[in-house]
Amino acid sequence: MFKRKNIYLALKRYLAGLALYSLAMLLYTQSGYYHRFLSRDTILALTALYLVYVFAGLPWLIWHQPRKHKSVLMLGAVFEFFRLFRSFSVSHLPGKKKLEVSLSKENKTALLFMLVKIFYVPIMLNYFFANSRSAVFFLQNRLLDGNFSFNFRVDYVNLFSIIFMLDTVFFVFGYLVEHPRLKNVIKSVEPTALGWAVALASYPPFSTITGGYLNWYSSDYFKFPDPAVDWLMKIVVLLLLCLYLWATFSLGFKCSNLTSRGVVRNGAYKYIRHPAYVGKMLAWWIMALPRLSLGMMASLAGWTLIYYLRAVTEERHLVSDPDYRRYIKQTRYRFIPGVV
């Protein structure tokens, strides 16, 4: 038998979530940018997730009764922010006192994580559907045609699609689902402007601005004139992207950017602290080499600097956790074992 107080609390939390997710859906479906960027499959998936919350959110919250609810915490943070803004706006007027308003750690974390979720979920869904379509199209054509031959120098890009399809489905789950049993509850979110800036610089729409300054030289369809070198470089790139995927598998349900969800010591993270960045950046350098020039080197140096700053700001955020400080002592190298 559910108590009336518990039902009222669940209803409050449900309505807070409904308000936030409704605003997010308006953003995804009505803004010009998302209308151009998001695929039909992504919009349908976002709509399905929204409808699941609309119809199942209240029964779940009545039954589950979480100790805290991020939607309520985030709305509280928003209201506190507007109180702070109003206080600041009128504090210079005669007879007006500045209100002492501050965000609690829980409210601030909830607000920042909701921003992370609203930004990254559609991006990861979009990448997932794009790569899954490519992978399925390739496999279907082979099965239907009965052509099981594999020309590695031509067909290797289809393996990229499978790698990134698997990678993004983990990140979609990580952004959407948070539960103590999965050991992926958010402890904190990146608090600095620099940390957010270098993370967002790597994803659309901000990556377009970054690319406008740095240009882009890497290509999935790179080709070296010498067949032996071409084979070797394609194999190395594939192995580097497998390292990138291994890092994702190692994170498991803790996959997400800009957040602290507990330390991962196993898998790829047993050997270096940033295996995903190493795999991605070295692959980009190799894929750009056929277009070797000073401009290419300057461009890749700029992108490498961004990912280096991502690693540095992430660690600066994570070292507030004593467990991560112990992990740094255990896994001494950031990028290359025994070197750096």
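Notes on the structure in this doc start here. Owing to the predicted nature of the structure, the values given are computational and were not obtained by experimental measurement.

**Description of the overall build of the protein chain**
Within the protein chain one finds 12 helices and 2 strands. Along the protein chain, helices (α) and strands (β) appear in the sequence α-α-α-α-α-α-β-α-α-α-β-α-α-α when read from the amino end. Here the protein chain holds 340 residues, and 43% of them are scored as buried. Put simply, of all contacts in the protein chain between residues at least 6 apart along the chain, 78% involve residues at least 24 apart. Only carbon and sulfur atoms are counted for the fraction: they give 67% of the accessible area of the protein chain, which is about 19,300 Å².

**Side note on the packing of helix H8 (residues 206-214) against helix H11 (residues 294-318)**
Their axes nearest at 9 Å, the elements H8 and H11 cross at an angle of 140 degrees. When the axis of H8 is compared with that of H11, the two are oblique. Touching Ser-207, Thr-210, Gly-211 and Leu-214 of H8 are Ser-299, Gly-302, Trp-303 and Ile-306, all from H11.

**A closer look at unusual backbone geometry**
Of the consecutive residues Pro-204 and Pro-205, the connecting peptide bond is found in the cis state with omega at 5 degrees. Inspection of the secondary structure assignment puts Pro-205 in the loop between helix H7 (193-200) and H8. For Leu-258, which is not a glycine, the phi torsion comes out positive at approximately 65 degrees.

**Description of the pattern of salt bridges**
Evaluation of the coordinates by the stated rule reveals 8 salt bridges. For Asp-323, the salt bridge identified is with Arg-326, shortest N-O distance 3.4 Å. Highlighted residues: Asp-323 and Arg-326, both in helix H12 (residues 322-330), separated by 3 residues, approximately one helical turn.

**A closer look at the environment of Asn-158**
Here Asn-158 lies in helix H6 (residues 152-176). When the C-alpha positions of Asn-158 and Phe-137 are compared, they lie 9.5 Å apart, and in sequence the two are 21 residues distant. Setting aside its immediate chain neighbours within four residues, Asn-158 contacts Ser-134 and Phe-138.

**Digging into the side chain of Asn-257**
Relative to the assigned elements, Asn-257 resides in the loop between helix H9 (227-251) and strand E2 (259-260). Not counting residues up to four positions away in its chain, the partners in contact with Asn-257 are Val-116, Tyr-120, Met-124, Phe-171, Tyr-175, Tyr-203 and Arg-310.

**Remarks on the nonpolar core**
Judged by nonpolar contacts, the single largest core of 32 residues is most densely connected at Phe-160, Phe-222, Val-237, Met-287 and Leu-300. Looking at this core, the elements with two or more residues in it are H6, H9, helix H10 (275-288) and H11. The biggest single contributor to this core is H10, with 8 residues. If we skip the residues at most four places from it in the chain, Leu-300 touches Tyr-217, Ser-218, Met-281, Trp-284, Trp-285 and Ala-288. With 31 residues, the next largest nonpolar core counts Tyr-34, Ile-118, Phe-171 and Tyr-203 among its residues.

**Comments concerning a nonpolar patch on the surface**
The grouping of Leu-166, Trp-246, Phe-249 and Tyr-271 at the surface amounts to a nonpolar patch, some 390 Å² of accessible area in total. With respect to the helices, strands and loops of the structure, Phe-249 is situated in helix H9.

**Here's the deal with the packing of H9 against H10**
H10 packs onto H9 with a crossing angle of 160 degrees between their chain directions and a minimal axis gap of 7 Å. Looking at the two axes, H9 sits roughly antiparallel to H10. In the crossing of H9 with H10, the sense of the turn from one axis to the other is left-handed. Between H9 and H10, the contacting residues are Met-233, Val-236, Val-237, Leu-240, Leu-241, Leu-243, Tyr-244 and Ala-247 on the first element and Pro-275, Ala-276, Val-278, Gly-279, Lys-280, Leu-282, Ala-283, Ile-286 and Met-287 on the second. Among the residues making up the contact of H9 with H10, the classes are represented as 15 nonpolar, 1 polar and 1 charged.

**Some words on the environment of Ser-218**
Note on placement: Ser-218 falls in the loop between H8 and H9. A relative accessible area of 8% places Ser-218 in the buried class. Sequence-wise, Ser-218 and Leu-289 are 71 residues apart; in three dimensions their C-alpha atoms are separated by 7.9 Å. There is a polar contact of 2.6 Å between the side chain of Ser-218 and the backbone oxygen of Trp-284.

**Structural notes on the packing of aromatic side chains**
A full pass over the atoms with the stated rule returns 28 aromatic pairs. With a centroid separation of 5.0 Å and 65 degrees between ring planes, the pair formed by Tyr-33 and Tyr-34 is classed as edge-to-face. Since its relative accessible area comes to 9%, Tyr-34 is described here as buried. Considering the side-chain rings of Phe-152 and Trp-231, the 5.0 Å spacing of their centres and the 25 degrees angle between planes classify their relative orientation as stacked. On the criterion of sequence distance, the pair formed by Phe-152 in helix H6 and Trp-231 in helix H9 is long-range, its members being 79 residues apart. Accessibility expressed as a relative area gives 9% for Phe-152, which makes it buried. Taking relative accessible area as the criterion, Trp-231 reaches 40% and is therefore assigned partly exposed.

**Side note on the side chain of Lys-280**
Along the chain, the position of Lys-280 falls in helix H10. It turns out Lys-280 is buried and unbridged, and the closest side chain with the opposite charge, Asp-167, is 6.7 Å from it. A polar contact of 3.5 Å, which involves the side chain of Lys-280, links it to the side chain of Tyr-307. Contacts of Lys-280, omitting those with residues within four sequence positions, involve Tyr-244 and Tyr-307.

Basis of the calculations
- Residues numbered from 1 in each chain as written.
- Predicted model: local features only at pLDDT ≥ 70, side-chain atom pairs only at ≥ 80, totals over all residues.
- Heavy atoms only, no water.
- Helix = DSSP H or I, 4+ residues; strand = E, 2+ residues; numbered from the N terminus.
- Buried < 20%, exposed > 50% of the residue type's maximum accessible area, 1.4 Å probe, protein only.
- Contact = heavy atoms within 4.5 Å.
- Areas by Shrake-Rupley, 256 points an atom, 1.4 Å probe, with all protein chains shown as cover.
- Axes fitted to C-alpha atoms, helices over the stretch in contact; angles between N-to-C directions.
- Parallel < 35°, antiparallel > 145°, perpendicular 65-115°, else oblique.
- Salt bridge = Lys/Arg side-chain N within 4 Å of Asp/Glu carboxyl O.
- Core = buried A, V, L, I, M, F, W, Y, C linked by side-chain atoms within 4.5 Å.
- Patch = residues over 30% accessible without salt bridge, like charges linked within 9 Å, V, L, I, M, F, W, Y side chains within 5 Å.
- Left-handed = near helix turned anticlockwise from the far one by under 90°.
- Nonpolar A, V, L, I, M, F, W, Y, C, P; charged D, E, K, R; others polar.
- Polar contact = N/O pair within 3.5 Å; in protein donor to acceptor, adjacent residues only side chain to side chain.
- Phe/Tyr/Trp six-rings, centres within 6.5 Å; stacked < 30°, edge-to-face > 60°.
- Lys, Arg positive; Asp, Glu negative; His and termini not counted.

So far we have only geometry, and geometry alone does not tell us how the molecule works.
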